[in-house]
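So you can see what is in the structure, the chains are spelled out below.
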Amino acid sequence: SADELADSRRLQREALAAYKEKQPAVFLEKIRAASDLRPQHPTLLVQLAVALAANGREREAVGVLDRVAAMGFVYALDDDELKAVRALPAFAGAARRFEANARAIGTAKKELTVDRLGIIPEGMAYDARRKRWLISSVRTGTILAVTADGKAEDFADAPWGVFGMAVDAKRNVLWATTAALAQVEDFRAEDKGKSALLRIDLETGRVLETLPAAEGEHHFGDVAVAADGEVYVSDSGSPVIFRVASSTAGAKLEPFLRGPFESMQGIAPGRNVLYVADYSKGIFAIDLRTRDVHSLRVPPNASLLGVDGLYLVNDRTLIGTQNGTNPNRIIRIRLAPGGLAVSSVETLLANASGMGDPTLGVLVGKRFFFNANAQWDLFGDDGKIADPLKLQPAVVLSVPAE
């Protein structure tokens, strides 16, 4: 729940304060309580290991670090309190795993280099009829049409930065989300928190309809079209999933579900189920008939925090772009029978050449294509570019989906 998340963060602050004040017993008590409320959080687990070591419980600390290593993440582990832990023979296995996690994993194919700098490429879609890629720009508030050789042309304009996109080939339209934030060129402070869903003609790029968010703070991050044509939108600014409702008066956005969400990102509809990635809480499965919300259970050696894009390959497989972790990864998520639990998480790509912060992508055939280097880290909270000389062209990579 939201209260549990807030409690965990409060306990973590109190734990770190106790650590600075050299109160190891209080540090352990508080950080263990914080970790118990967010058991997928690898940083909390590392801090728990430090607290265990500070209390002379080095062997328990090794077990916790081994679990973090099994999740696929990398941490420096240079805390003084961990010196005795690093000297234990039992730590050798975890150390090897951390080293392996820092090496290149998987093989990607470089599909496109888009010769545009500083666009913050976020969303991606494929127009199969015209054999072209569509890439959205947060920075310029445009959608680019890109040919196979990387030639890019402006295709459509949006009021603000463009995030998620989804093609509805049957109706010959592109759905795209747009949101106002400081990193958008010509951002106006009075627009902060505004967002909308756009219906765009795939042939001409003309915006056919603009469906604005209701009053309040919103950030439409992703959009997906289900097999039956239903359109769903995730809102990272509020705990609400929206749906497009049609009537004789035209289409409108209506709340579909208010849930226990903190920061919704990718959204993936399947047969009678909607999977939603929450950056702070993991992945949820929503029964489209009953609207029941289930948090996906994960094995102890897996973490689904920090997932941005989410894509359904089949009834038992999801692909995710995980850019809130070290390293950033493309992961394959295998679901247990029933679809409410995770049986395994596999790293498809990490520490790869050309991949910085992967954002959103699209499944085409048996491969997953994705924006590989959005370069969000070069843009400050004020929207200014920290170092223009570090900007690189947008790159699209692909990996096998199955």
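Residues numbered from 1 in each chain as written. Predicted model: local features only at pLDDT ≥ 70, side-chain atom pairs only at ≥ 80, totals over all residues. Heavy atoms only, no water.

Asker: Could you clarify how one ought to interpret the sheet that holds strand β6 (residues 161-168) in this entry?
Answerer: In space, the 4 strands of this open sheet follow the order β6-β7-β8-β9, with antiparallel pairing throughout. Pairing within the sheet leaves two strands with one partner each, and these edge strands are β6 and β9 (207-212). Here the average twist between neighbouring strands, direction ignored, is 20°. (Pairing = 2+ DSSP bridges. Helix = DSSP H or I, 4+ residues; strand = E, 2+ residues; numbered from the N terminus. Axes fitted to C-alpha atoms, helices over the stretch in contact; angles between N-to-C directions.)

Asker: Honestly, the pattern of salt bridges in this entry has me stumped. Any pointers?
Answerer: Oppositely charged side chains are able to pair whenever their charged atoms sit close together. Going through the model one piece at a time under the given rule, you end up with 20 salt bridges. The salt bridge partner of Arg 57 is Glu 60, with a shortest N-O separation of 2.8 Å. Looking at Glu 60, the relative accessible area reads 37%, which means it is partly exposed. A salt bridge links Glu 254 to Arg 243, with the nearest nitrogen and oxygen atoms 3.0 Å apart. Taken as a pair, Glu 254 in strand β13 (residues 250-258) and Arg 243 in strand β12 (residues 240-247) lie far apart in primary sequence, 11 residues in all. (Salt bridge = Lys/Arg side-chain N within 4 Å of Asp/Glu carboxyl O. Buried < 20%, exposed > 50% of the residue type's maximum accessible area, 1.4 Å probe, protein only.)

Asker: Teacher, can you tell me more about the side chain of Ser 238 here?
Answerer: Structurally, Ser 238 can be placed in the loop between β11 (231-235) and β12. A polar side-chain atom of Ser 238 sits 2.7 Å from a polar atom in the side chain of Asp 235. Residue contacts for Ser 238: discarding those within four places in its chain leaves Glu 217, His 218 and Met 264. (Polar contact = N/O pair within 3.5 Å; in protein donor to acceptor, adjacent residues only side chain to side chain. Contact = heavy atoms within 4.5 Å.)

Asker: Would you mind showing me how to read the packing of helix α2 (residues 24-37) against helix α3 (residues 42-54) here?
Answerer: In a pair of packed helices, the angle between the axes and the distance between the axes together describe the arrangement. Contact geometry for α2 and α3: axes closest at 9 Å, N-to-C directions at 155°. By the angle between their directions, the pair α2 and α3 is classed as roughly antiparallel. Taken as a pair, α2 and α3 cross one another with a handedness that is left-handed. From α2, Pro 24, Phe 27, Leu 28, Ile 31, Arg 32, Ala 34 and Ser 35 reach across to α3, where they touch Leu 44, Leu 45, Gln 47, Leu 48, Val 50, Ala 51, Leu 52 and Ala 54. The residue makeup of the contact of α2 with α3, split by class, is 12 nonpolar, 2 polar and 1 charged. (Parallel < 35°, antiparallel > 145°, perpendicular 65-115°, else oblique. Left-handed = near helix turned anticlockwise from the far one by under 90°. Nonpolar A, V, L, I, M, F, W, Y, C, P; charged D, E, K, R; others polar.)

Asker: Could you clarify how one ought to interpret the layout of surface pockets in this entry?
Answerer: A probe as big as a water molecule, rolled over the atoms, marks out the empty space that is left. In this structure, the largest pocket occupies an estimated 550 Å³ of space. Contributing to the lining of the largest pocket are 25 residues, with Ala 166, Val 225, Tyr 311, Val 362 and Leu 363 lying nearest its centre. Broken down by secondary-structure element, the contributors of at least two residues to the lining of the largest pocket are β2 (121-127), β6, β10 (220-225), β14 (264-269), β18 (307-314) and β22 (361-364). When residues in the lining of the largest pocket are grouped by element, the largest group, 5 residues, is from β6. In terms of residue class, the lining of the largest pocket is built from 20 nonpolar, 3 polar and 2 charged. Taken together, 20 residues form the lining of the second largest pocket, with Phe 163, Leu 181, His 219, Gln 265 and Trp 376 sitting closest to its centre. Take the lining of the second largest pocket: its biggest share by element is 3 residues, from β14. Classifying every residue of the lining of the second largest pocket gives 7 nonpolar, 9 polar and 4 charged. (1 Å grid on protein atoms, 1.4 Å probe; cavity = no way out; pocket = protein on both sides within 12 Å on 5 of 7 lines; lining within 4 Å. Points joined across faces, edges and corners; volume = space filled by probe spheres on them.)

Asker: How should the sheet that holds strand β3 (residues 132-137) be read in this particular structure?
Answerer: With antiparallel pairing, the 4 strands of this open sheet are ordered in space as β2-β3-β4-β5. Edge positions in the sheet fall to β2 and β5 (152-157), since each has one partner strand and no second. With strand direction ignored, the average angle separating the axes of adjacent strands in the sheet is 30°. As paired strands, β2 and β3 are joined by 5 bridges and run antiparallel to one another.

Asker: Sorry, what's going on with the packing of aromatic side chains here?
Answerer: The relative placement of two aromatic rings is captured by the distance of their centres and the angle of their planes. Under the counting rule described, the total for this entry stands at 9 aromatic pairs. Centre to centre, the rings of Trp 133 and Phe 369 are 4.7 Å apart; their planes meet at 45°, and the pair counts as tilted. Remark: Phe 369 occurs in strand β23 (residues 367-371) and Trp 133 occurs in strand β3; sequence separation between them is 236 residues. Of the residues examined, Phe 369 reaches a relative accessible area of 8% and is grouped as buried. Through a chain of ring-to-ring contacts, three or more aromatic side chains come together here, namely Tyr 126, Trp 133 and Phe 369. (Phe/Tyr/Trp six-rings, centres within 6.5 Å; stacked < 30°, edge-to-face > 60°.)

Asker: Would you take a moment to explain unusual backbone geometry for this structure?
Answerer: When glycine is set aside, most residues are seen to have a negative phi, and most peptide bonds are trans. In this chain, Asn 326 is followed by Pro 327 through a cis amide linkage whose omega measures 0°. Within the secondary structure, Pro 327 is located in the loop between β19 (317-322) and β20 (329-335). Not every positive phi belongs to a glycine, and Asn 172 is a case in point at roughly 60°. Residue placement: Asn 172 occurs in the loop between β6 and β7 (173-179). You can call Asn 172 buried: its relative accessible area is 18%. The backbone of Arg 291 shows a phi angle near 65°, a positive value even though the residue is not glycine. Of note, Arg 291 is situated in the loop between β16 (282-287) and β17 (293-295).

Asker: Sorry if this is basic, but what is going on with the nonpolar core here?
Answerer: Counting 31 residues, the largest nonpolar core has Leu 65 and Val 85 as the members making the most contacts within it. Broken down by secondary-structure element, the contributors of at least two residues to this core are α1 (2-20), α2, α3, α4 (58-71) and α6 (91-101). Residue contributions to this core peak at 9 residues, all from α3. Within the second largest apolar cluster, 15 residues are counted, among which are Ala 277, Leu 296, Leu 310 and Leu 335. (Core = buried A, V, L, I, M, F, W, Y, C linked by side-chain atoms within 4.5 Å.)

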